Amino acid sequence: MDARTPQATAASLPDALPGAAGWRRDAGHARSLPEVNSTVAVPTGGLWFRRLIAFAGPGYLVSVGYMDPGNWATDLAGGSKFGYTLLSVILLSNLMAILLQALSARLGIATDRDLAQACRATYSRPVNFLLWLACEAAIIACDLAEVIGTAIALKLLFGIPLVGGALLAALDAFLLLLLMNRGFRFLEAFVVALLIVIAVCFAVQIAAAAPPIAGVIGGFMPSREIVTNPEMLYIAIGIIGATVMPHNLYLHSSIVQTRAYPRTEEGRRDAIKWATTDSTIALMLALFVNAAILVLAAATFHKSGHSDVAEIDQAFELLSPLLGLGIASTLFAVALLASGLNSTVTATLAGQIVMQGFLDLRLPDWAQRLVTRGIAIIPVVVVAALYGDSGTAQLLVFSQVGLSMQLPFAVIPLVRFVSDKRKMGTFAISVPVAIAAWIVAGLIVILNVKLLIDTF
């Protein structure tokens, strides 16, 4: 049997899908990312480890967004100013991310629709168009942060001007095209390899910093000061706002469908279990990286009295002298470059999913990716040419505000869809999980609105 057969069957018999009656019939139902949909074979039996490995991959692509350059500034600021106290906020935001990504995977597997397609099959055309605009704005904002991060890393490592680094970042569109043409597993392997580079770089730096174990463990315990100290609360909100990425919800609901699991109730239920396990493990890696950035800042900058370090360039200059390890700053920049490359690849893929899902627009793959990259790179090039490093730093902050503004438009539809038995059938989430999801959605909306108001 061809790996595509189960998906082809589901696509040709939409009424056989769970909750098929809950979707608009006039919205159409094309496969998400059709060029790679159901192309990764999964074993039907054997050891559990083989099945876990077969499903492993989408979670790691999603985890990239939770450790992208947009997170680095907030983690650096939190660690240098307040030591280990805000580790509890990183843990909280990661737990929220684990829940939301599990819901995203459930939506994609249970309905054969990604989040963008689900919106198109639910809302009117004007509402869908507005949601698409908001989502595109978020992806552009995310791209801005990642292009800036890549450009800064190239400047720190090789002395390439920011304008040149931003233009080089455009090449990732061709890299994504090359990897996708070779198979989705090649793309996943590339992303995982860069994640390993990031983890190793921070492991070496943490070992050199030798933070006190008791201080680190204590930082994961919630502190009343986070709420009572306005400055600390502001950074805490920034950490949460920069961690949960709206485009990841669209991305995850699509790429979990690359697995050729049986499109039956039993097959979907099994796939949801393994996809959730995959994303949970991957997001624990993201927790390690985000926590490592904050711990590194706390153990080096806060400890030495440099409590005002909030920008990547400052951290690069101070790390090696303060740690007494000549390679520390280089490892920091290498990790930043790997993070930027990974993030731009996954954000570009998310852009394609959103354009196809909301608009059912089928441009050639290379054209969609170049358009997505071009829209993000042009502002960076212009700002870098006119205002230099300070301008790009401000643009990085602006990109995080843009992400915060869009987040409710992705989280609320997602929670609504997976709670609806008419749309999800037997795969609808339970009442306790729905309550938890709505609490998380409400918390995200409130915190991001406050971050937006405080920023302006």
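Residues numbered from 1 in each chain as written. Predicted model: local features only at pLDDT ≥ 70, side-chain atom pairs only at ≥ 80, totals over all residues. Heavy atoms only, no water.

Identification of the protein chain as Divalent metal cation transporter MntH from Bradyrhizobium macuxiense is taken from an unreviewed UniProt entry. Of the comments in the UniProt record for the protein chain, the one headed Sequence similarities (unreviewed entry) reads "Belongs to the NRAMP family." Under the heading Function (unreviewed entry), UniProt records this for the protein chain: "H(+)-stimulated, divalent metal cation uptake system." (UniProt positions renumbered as here; feature names shortened; annotations may be inferred.)

Visitor: I'm lost on the overall build of the protein chain in this one. Help?
Guide: The helix and strand inventory of the protein chain stands at 20 helices and 0 strands. When each of the 456 residues of the protein chain is scored for burial, the buried share is 58%. Contacts in the protein chain between residues at least 24 apart in sequence constitute 84% of all its contacts with a sequence separation of at least 6. (Helix = DSSP H or I, 4+ residues; strand = E, 2+ residues; numbered from the N terminus. Buried < 20%, exposed > 50% of the residue type's maximum accessible area, 1.4 Å probe, protein only. Contact = heavy atoms within 4.5 Å.)

Visitor: Is there a simple way to explain helix H17 (residues 328–359) in this structure?
Guide: Every α-helix winds through 3.6 residues per turn, so residues three or four apart in the chain are directed the same way. An ideal rise of 1.5 Å per residue puts 46 Å on 32 residues; H17 measures up with 46 Å between its terminal C-alpha atoms. Within H17, 28 of the 32 residues are buried, which leaves the element mostly enclosed by the surrounding structure. (Expected span 1.5 Å × (residues − 1).)

Visitor: Would you explain the nonpolar core in this entry?
Guide: Proteins that are soluble and globular tend to have nonpolar side chains buried together. Core analysis: the biggest nonpolar cluster contains 134 residues, and Leu86, Phe202, Phe332 and Leu349 have the highest contact counts within it. Per element, the largest residue contribution to this core is 19 residues, and it comes from helix H15 (residues 265–302). Not counting residues up to four positions away in its chain, the partners in contact with Leu86 are Gly78, Ile226, Met232, Ile235, Ala236, Ile239 and Leu294. Formed by 6 residues, the second largest nonpolar core is a distinct cluster that contains Ala141, Cys142, Met245 and Ala347. (Core = buried A, V, L, I, M, F, W, Y, C linked by side-chain atoms within 4.5 Å.)

Visitor: How should I be thinking about the side chain of Glu188 in this particular structure?
Guide: As for its position among the elements, Glu188 is in helix H10 (residues 184–209). Reaching out from Glu188, the side chain makes a polar contact with the side chain of Arg259 at a distance of 2.8 Å. Excluding residues within four positions of it along the chain, Glu188 makes contact with Ala56, Gly57, Pro58, Leu61 and Arg259. (Polar contact = N/O pair within 3.5 Å; in protein donor to acceptor, adjacent residues only side chain to side chain.)

Visitor: Got a minute to help me understand empty space enclosed by the protein in this structure?
Guide: Applying the stated rule across the entire model yields 1 cavity of 30 Å³ or more. Within this model, the largest cavity holds a volume of roughly 30 Å³. Lining the largest cavity are Phe55, Pro58, Ile109, Val256, Arg259, Ala275 and Asp278. (1 Å grid on protein atoms, 1.4 Å probe; cavity = no way out; pocket = protein on both sides within 12 Å on 5 of 7 lines; lining within 4 Å. Points joined across faces, edges and corners; volume = space filled by probe spheres on them.)

Visitor: Help me out: how do you make sense of the pattern of salt bridges in this one?
Guide: Oppositely charged side chains are able to pair whenever their charged atoms sit close together. Scanning the model with the defined rule gives 9 salt bridges in all. When the shortest N-O distance is used, the salt bridge between Asp313 and Lys155 registers 3.9 Å. Placement of Asp313 in helix H16 (residues 312–323) and of Lys155 in helix H7 (residues 125–158) is noted, with a sequence separation of 158 residues between them. Assessed through its relative accessible area of 26%, Lys155 is described here as partly exposed. Note that Arg185 is salt-bridged to Glu188, the shortest N-O span being 2.9 Å. (Salt bridge = Lys/Arg side-chain N within 4 Å of Asp/Glu carboxyl O.)

Visitor: Just checking my understanding: could you explain the packing of aromatic side chains for this structure?
Guide: With the rule as written, the count across this model stands at 7 aromatic pairs. One aromatic cluster is present, built from ring pairs that chain together Trp23, Tyr123 and Phe417. Lying across the ring of Trp23, Lys423 places its NZ or CZ 4.3 Å from the centre. (Phe/Tyr/Trp six-rings, centres within 6.5 Å; stacked < 30°, edge-to-face > 60°. Lys NZ or Arg CZ within 6 Å of the ring centre and 35° of its normal.)

Visitor: What should I look at first to understand H16 in this one?
Guide: An ideal rise of 1.5 Å per residue puts 16 Å on 12 residues; H16 measures up with 16 Å between its terminal C-alpha atoms. Phi turns positive, to about 70 degrees, at Gly324, one or two residues after H16.

Visitor: Help me out: how do you make sense of the packing of H15 against H16 in this one?
Guide: Packed helix pairs are characterised by how far apart their axes lie and by the angle those axes make with each other. Two elements in contact, H15 and H16, have axes whose closest approach is 10 Å; the angle formed by their N-to-C orientations is 65 degrees. Viewed along their axes, H15 and H16 adopt a mutual orientation that is roughly perpendicular. Remark: the crossing between H15 and H16 carries left-handed chirality. Facing H15, whose interface residues are Leu296, Thr300 and Phe301, H16 presents Ala315, Leu318, Leu319, Leu322 and Leu323. For the contact of H15 with H16, the class distribution of residues is 7 nonpolar, 1 polar and no charged. (Axes fitted to C-alpha atoms, helices over the stretch in contact; angles between N-to-C directions. Parallel < 35°, antiparallel > 145°, perpendicular 65-115°, else oblique. Left-handed = near helix turned anticlockwise from the far one by under 90°. Nonpolar A, V, L, I, M, F, W, Y, C, P; charged D, E, K, R; others polar.)

Visitor: Would you mind showing me how to read unusual backbone geometry here?
Guide: Excluding glycine, residues mostly carry a negative phi; peptide bonds, for their part, are mostly trans. Notably, Ser38 is not glycine yet its phi reads approximately 60 degrees, a positive angle. Relative to the helices and strands, Ser38 is located in the loop between helix H1 (5–12) and helix H2 (48–55). According to the relative accessible area criterion, Ser38 is buried, its value standing at 0%. Phi is positive for Ala210, which is not a glycine, with a value near 50 degrees.

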